[in-house]
Amino acid sequence: MWLKPNSTLVLNRWRYLSFIAGFFLFVAPFAFLVRATLFALGKIQEPTLHVFCYRMPIDWIFGGRYSSLIASSVSTGFIVVILASAFLFGPLFCGWLCPVGSISESASRVIPIPSKYRIWIKDTQITSGLRYGFLVGFIAIAVLVGYKLAASDLSSICCRYCTSSVLQNLSSGIFGNFLAIEYWHTGAIIVLISWLLIGGVFMQGGRGWCLFFCPLGALSNVVHKVGARLGLYRIEHSASKCASCNSCSSVCPTWAIKDDKTIERSLCIACKECVNVCPNGCYSYQKGFKK
Amino acid sequence: MFAVTIVASSYAADFGKHEMVHFWLAFPAGTVIKPTVLRGPGPPIALTPLTIDLDQRGVLKNLLNPSIEAISTHWIYNYGKKPVRIGLELVNCTFPVIWEVGANFPYDPETRTFMQPLMPGQSIPNLGIDWIFKIPPSLMYSPVIYDGGLVIFDADTGETLTFLPIKIVRGSGVSSGGANCCG
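Residues numbered from 1 in each chain as written. Chains lettered and ligands numbered in written order. Predicted model: local features only at pLDDT ≥ 70, side-chain atom pairs only at ≥ 80, totals over all residues.

A. Fine view of the interface of chain A and chain B. If you look at the interface, chain A gives 35 residues, while chain B gives 31 residues. Among the elements of the structure, α4 (56-63), α9 (124-146), α10 (157-160) and α12 (186-201) of chain A are those that each provide at least two residues to the side of chain A that touches chain B. Of all the elements, α9 of chain A adds the most residues to the side of chain A that touches chain B, at 8 residues. Its residues assigned to classes, the side of chain A that touches chain B comprises 20 nonpolar, 9 polar and 6 charged. (Contact = placed C-beta atoms within 7 Å. Helix = DSSP H or I, 4+ residues; strand = E, 2+ residues; numbered from the N terminus. Nonpolar A, V, L, I, M, F, W, Y, C, P; charged D, E, K, R; others polar.)

B. Just the packing of helix α8 (residues 99-110) of chain A against helix α11 (residues 163-174) of chain A, in detail. All names here are of chain A. Axis separation between α8 and α11 bottoms out at 10 Å; the angle between their running directions is 70°. By the criterion of interaxial angle, the relationship of α8 to α11 is roughly perpendicular. Two packed elements cross with a definite hand, and for α8 against α11 that hand is left-handed. Counted together, Pro99, Val100 and Ile103 of α8 and Thr163, Ser164 and Leu167 of α11 form the full contact between these two elements. The residue makeup of the contact of α8 with α11, split by class, is 4 nonpolar, 2 polar and no charged. (Axes fitted to C-alpha atoms, helices over the stretch in contact; angles between N-to-C directions. Parallel < 35°, antiparallel > 145°, perpendicular 65-115°, else oblique. Left-handed = near helix turned anticlockwise from the far one by under 90°.)

C. Up close: the pairing of strand β12 (residues 144-154) of chain B. Residue and element names in this part refer to chain B. Bridge count for strand β7 (residues 86-91) against β12 is 6 bridges, and the pairing is antiparallel. In the sheet register, Leu90 faces β12, and the bridge partner there is Leu150. Sheet topology note: the β12/strand β13 (residues 160-169) ladder contains 9 bridges and is antiparallel. Directly across from Leu150, in β13, lies its bridge partner Leu164. In textbook terms, the turn of a hairpin is the stretch between consecutive antiparallel strands, and for β12 and β13 this stretch comprises 5 residues, one of which, Gly158, has a positive phi near 85°. (Pairing = 2+ DSSP bridges.)

D. Structural detail: unusual backbone geometry. That bond from Ala28 of chain A to Pro29 of chain A is cis: its omega, 15°, falls within 30 degrees of zero. Its place among the elements puts Pro29 of chain A in the loop between α2 (13-26) and α3 (32-41). Cis geometry is found at the peptide bond from Phe27 of chain B to Pro28 of chain B, where omega equals -5°. Residue position: Pro28 of chain B is located in the loop between β1 (21-27) and β2 (30-31). Located in the positive-phi region is Ser244 of chain A, a residue other than glycine, with phi close to 50°. With respect to the helices and strands, the residue Ser244 of chain A is situated in the loop between β1 (234-237) and α15 (247-251).

Structure follows, in structure tokens:
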């Protein structure tokens, strides 16, 4: 899983460059796409990763807070665009641009921890079950809190466990705004540990947070699964050429390769690592129905 | 993961009452001496004097970052009958407080006033204000660390519109006045 400069890095260069682009597009002090969006809409908000919230619009939809969806139209529009692109082209935002996922994946790839010390669930059904167990829990909480059925016992888990906030604060701190990293609440500390350390460094592929705690990622894969069934873009496996060498499984950051080497679409983020690593060209990113 | 998510939510509800406490603001409400629901052109707004007990915070917070605490609001509503240009002031604080203000509404950090009047029934769009209290070691274990409040005033006349009492204490066993932060 580590970066091999002569192979992995070269083969996936566009994706890793895209990681860097994602950081500059979304995360302050750069946040070029956020700035452009706010400028185009005539808004004077501070341009940070927070402007495009990954979670709250999903919480509002299931919690019946439709006025918030309209009031925060930038976040709502962002979620719609991400889900539409996942439907049409696969979860490309997750696999190529998302700064939260790309940083934890990069940490996993560059920090040399032996694989035996990394968590890796090889059964895609178990991983999917865990992932969608979280999503069901997220939706249940949105309903219970949004409709005030358990508002004093439960809290929406959007802001209290916000990776965007932690990443934004770390970035601001690194680029000179030290105030941003002075205050840490319990949720932010838990996020830092579970996103970068447990989900990043100590999980094979470094996408533990994306797999088990990101509602947008989980929803993106739901719509991707539907799109793939309709013949839209997805990664496809050709069994006839497969030598079962397992190189695909070892590079897949989201543990999406099944035992028979086909793709579990509820986990695949269309990163094309399998396409690039397969010596026999078994994987392809394609549309249309499988022959 | 379903169970983990529910537990995480329950834990967030617990520590959220004592850390980065979120609260609603509206004016004119006078001095908020007890929990009050203000009714007006927008949603009913619960205003409650804030008390934050530092001893009730999460274990990780108390272990790793104990001397900095914060409060936050995303909601300031004008429930009066005329447009008002407002300012904010934190009173009776003897130690440093950092103001982090973001809004889709012009704001002057020097005078801590908003530059445009807020219309009746309107709230400040996309507001996020964090007040970060840097508690000095000398006060860290006092029973009462801060006893003051937040004033919303008319920036043109200086008139106080709302005063929300805020206390930071240790060992009272209760915190009060928090709201769900993901509004």
